[in-house]
Amino acid sequence: MEIIQAVRGTRDILPEEVRIWQQVEAKAREILGRACYQEIRTPIFELTELFARGIGSATDVVGKEMYSFSTRGEQEVSLRPENTAGVVRAYIQHGLQAAGDVQRLWYCGPMFRYERPQAGRQRQFHQLGLELIGSRDPRADAEVIALAWDLLQAVGAENLKLLLNSIGDPQDRLAYRQALVDYFTPFREQLDPDSQDRLTRNPLRILDSKDPRTREIADQAPKLLNHLSPDSQAFFEQVQAQLHKLGIPYELDPYLVRGLDYYTHTAFEIVSPDLGAQSTVCGGGRYDGLVAELGGPSTPAVGWAMGMERLVLLLQKKQGSVASAPVQVYVISRGAKAEAQSLQIAQSLRQAGFCTELDLSGSAFGKQFKRASRSGAIWAVTLGDAEAATGEVQLKHLPTGKQQTLLQAELVNYLGSQWER
Ligand code: ATP
Ligand code: MG
């Protein structure tokens, strides 16, 4: 029969890889928790309108990449392509602004974008992200960047570069937009089709193009940094001063623009050359316009999202795999009575905290012993019909081969005393 495969652009994360994910998630919980960020979990689908308003219909993410459908004719919904809009929706819906002047939130979960699958780019992928909502202070921008940086260092990612830019406020961008249109229009025919389209809809995004010829042209384009108002300029300098104080190195990248319409001022990416074409591990910035755009009180905010798959790829390249939890005790049984007691013994060991594997094969003792050694267990607990009848087990210390008979009732205490020594 034909074998059914996972859908194109999705992938299974097998146990060996999951262990790396768990390491990253544990570090995130620790580092973000210490900075007083709280985890939030929002639904993986939302009303399509949320993304259209919160991200912008002119963006590729909303215009081309969303998985949208109607729920049996009731509502138009979309699988979330990112989670800032969802978190801000929850923030407004539950009146979280009333709970204090700032909210520090983080999340981790699957996102969905209909893109061309390639290394580091999938249709279902995962982001770990955070949002600091309610502060206009440049220290907030530096704090979130510092946390991304700390987390990446803590999990052992290397060879990273922080790219920084300011995209100003909407006022600054209005003037800049015209400068860009004026600059690109004479080159119109040489731009890639997407960028030609963006010339009228979203000229800033042309700077984001990966097409080689468009890149060449874009690299000579006017810089937004030269169109910033004095206030925007001062703000950007303060963010940089904070990063400098924290000893976080960065490079200014005048053409770094975020794909999403709600961003203001600080924009940043953390990239690694080890990732090839999909080099961005983390992207973020300030989005002072979003809360109001979604119907909440005008509230400044800043945040980022990290691509888990790309981060895990980096770590796999560097450290290989992570060992699974070691088996400590291996339970061997043969014969109906012994087998009937074996699960109970294994469960009592597990409940007492020992990592215990139960052999379910019913095969000969010799074969089960071989598997016990291969498992890396330190102890083998064996029972046949004789032990089952007397309520005993054979306990073998595998490294030395020393064996003894013990009452089943004494097993947990005995192993406990051995581990303490
Ligand atoms: P890219 O330029 O790589 O398409 P983006 O600007 O679309 O990135 P963001 O929306 O800022 O990405 O998302 C933040 C991070 O999420 C990215 O830096 C990346 O690590 C990850 N990411 C985004 N899209 C995908 C995808 N399709 N597959 C895997 N990871 C992704
Ligand atoms: Mg993208």
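Here the structure is shown first, and the text comes after it.
None of the values given here were measured: they were computed from a predicted structure.

Draft legend 1. View of the overall build of the protein. When helices and strands are counted, the protein shows 15 helices and 16 strands. Overall size of the protein, expressed as C-alpha extent along the three principal axes, is 90 × 55 × 45 Å. When burial is assessed residue by residue, the protein has 49% of its 421 residues classed as buried. Long-range pairs, those at least 24 residues apart, make up 68% of the contacts in the protein between residues at least 6 apart in sequence. In the structure as shown, the protein presents an accessible area of about 20600 Å², 51% of it carried by carbon and sulfur atoms.

Draft legend 2. Representation of the site of ligand 1 in the model. Around ligand 1, a shell composed of 15 residues is seen, among which Arg-113, Glu-115, Gln-122, Arg-258 and Thr-280 lie nearest. Contact between ligand 1 and Glu-115: a nitrogen atom at 2.6 Å from a side-chain N or O atom of the residue. One of the backbone N or O atoms of Thr-280 is found 2.9 Å from an oxygen atom in ligand 1. The protein chains hide 89% of the 590 Å² of surface that ligand 1 would expose on its own. Listing elements by their share of the shell around ligand 1, those giving two or more residues are β6 (124-133), β10 (280-286) and β11 (301-307). The element best represented in the shell around ligand 1 is β10, accounting for 3 residues.

Draft legend 3. Spatial organisation of helix α9 (residues 230-245). For α9, which comprises 16 residues, the first-to-last C-alpha distance of 22 Å matches the rise-based estimate of 22 Å (1.5 Å per residue) to within 8%. Among the residues of α9, Ser-232, Phe-235, Phe-236, Val-239, Gln-240 and Leu-243 are the ones counted as buried. Within α9, the buried residues cover an arc of 135° as seen down the axis, which keeps them to one side. Across from the buried face of α9, at angles greater than 90 degrees, the exposed residues are Pro-230, Asp-231, His-244 and Lys-245. The elements touched by buried residues of α9 are α5 (138-155), β7 (161-166), α6 (170-184), β8 (251-252), β9 (264-271) and β10.

Draft legend 4. Region of the structure containing a nonpolar patch on the surface. Taken together, the side chains of Ile-44, Phe-45 and Phe-69 define a hydrophobic patch exposed on the protein surface, amounting to about 260 Å² of accessible area. One can find Ile-44 in the loop between β1 (38-39) and β2 (45-47).

Draft legend 5. A look at the packing of α5 against α9. The N-to-C vectors of α5 and α9 enclose an angle of 45°; their axes lie 8 Å apart at closest approach. When the axis of α5 is compared with that of α9, the two are oblique. Handedness of the α5/α9 crossing: right-handed. Of the residues in α9, those touching α5 at Pro-138, Arg-139, Asp-141, Ala-142 and Ile-145 are Phe-235, Gln-238, Val-239, Gln-242 and Leu-243.

Draft legend 6. Up close: the environment of Ile-248. Within the fold, Ile-248 resides in the loop between α9 and β8. Given the relative accessible area of 6%, Ile-248 is considered buried. Discounting chain neighbours no more than four positions away, the residues touching Ile-248 are Ala-146, Trp-149, Leu-162 and Leu-243.

Draft legend 7. Representation of unusual backbone geometry in the model. The backbone phi angle of Arg-72 is positive, close to 45°, even though this residue is not glycine. Its location among the elements puts Arg-72 in the loop between β3 (68-70) and β4 (76-79). Of the residues examined, Arg-72 reaches a relative accessible area of 84% and is grouped as exposed. Its identity as a non-glycine residue notwithstanding, Asn-159 has a phi of 65°, on the positive side. Inspection of the secondary structure assignment puts Asn-159 in the loop between α5 and β7.

Draft legend 8. Region of interest: the sheet that holds β7. Ordered by their spatial adjacency, 8 strands build an open sheet running β1-β5-β6-β11-β10-β9-β7-β8, and the pairing between neighbours is mixed. Every interior strand has two partners, whereas the edge strands, β1 and β8, have only one. Where β1 meets strand β5 (residues 103-112), 2 bridges bridge the pair, whose relative direction is parallel. Its bridge partner being in β5, Gln-38 is matched across the sheet by Leu-105. This element, α9, spans β7, β8, β9 and β10 of the sheet and lies at about 160° to β7.

Draft legend 9. Seen up close, the sheet that holds β3. Strands sit in the order β2-β4-β3 across an open sheet of 3 strands; the sheet is antiparallel. If you trace the sheet from one side to the other, it starts and ends with β2 and β3, each paired once. Along the sheet, successive strands turn relative to each other by an average axial angle of 35°, direction set aside. With 3 bridges connecting them, β2 and β4 associate as antiparallel partners. Bridge assignment links Leu-47 to a residue of β4, and that residue is Val-77.

Draft legend 10. Structural view of the packing of aromatic side chains. One pass over the full model with this rule turns up 6 aromatic pairs. Between the aromatic rings of Tyr-67 and Tyr-114, the centroid separation amounts to 5.8 Å while the plane-to-plane angle is 75°, which identifies the pairing as edge-to-face. Highlighted residues: Tyr-67 in the loop between α3 (60-63) and β3 and Tyr-114 in the loop between β5 and β6, separated in sequence by 47 residues. Ring geometry for Trp-379 versus Tyr-414: centroids 6.4 Å apart, planes at 80°, classification edge-to-face. Linking Trp-379 in strand β14 (residues 379-383) with Tyr-414 in helix α15 (residues 411-420), this pair joins segments that are 35 residues apart in sequence. Owing to a relative accessible area of 6%, Trp-379 belongs among the buried residues under this scheme. The rings of Phe-354, Trp-379, Tyr-414 and Trp-419 are connected pair by pair, giving a single aromatic cluster. A cation over a ring is seen here: Arg-123 above Tyr-114, with NZ or CZ 4.0 Å from the ring centre. We note Lys-396 situated over the ring of Phe-369; from NZ or CZ to the ring centre the distance is 4.9 Å.

How each quantity is defined
Residues numbered from 1 in each chain as written. Chains lettered and ligands numbered in written order. Predicted model: local features only at pLDDT ≥ 70, side-chain atom pairs only at ≥ 80, totals over all residues. Heavy atoms only, no water. Helix = DSSP H or I, 4+ residues; strand = E, 2+ residues; numbered from the N terminus. Buried < 20%, exposed > 50% of the residue type's maximum accessible area, 1.4 Å probe, protein only. Contact = heavy atoms within 4.5 Å. Areas by Shrake-Rupley, 256 points an atom, 1.4 Å probe, with all protein chains shown as cover. Near = heavy atom within 4 Å. Polar contact = N/O pair within 3.5 Å; in protein donor to acceptor, adjacent residues only side chain to side chain. Expected span 1.5 Å × (residues − 1). Arc of directions from axis to C-beta. Patch = residues over 30% accessible without salt bridge, like charges linked within 9 Å, V, L, I, M, F, W, Y side chains within 5 Å. Salt bridge = Lys/Arg side-chain N within 4 Å of Asp/Glu carboxyl O. Axes fitted to C-alpha atoms, helices over the stretch in contact; angles between N-to-C directions. Parallel < 35°, antiparallel > 145°, perpendicular 65-115°, else oblique. Left-handed = near helix turned anticlockwise from the far one by under 90°. Pairing = 2+ DSSP bridges. Phe/Tyr/Trp six-rings, centres within 6.5 Å; stacked < 30°, edge-to-face > 60°. Lys NZ or Arg CZ within 6 Å of the ring centre and 35° of its normal.

Interpretation note: all reported values are geometric properties and have no functional meaning in isolation.
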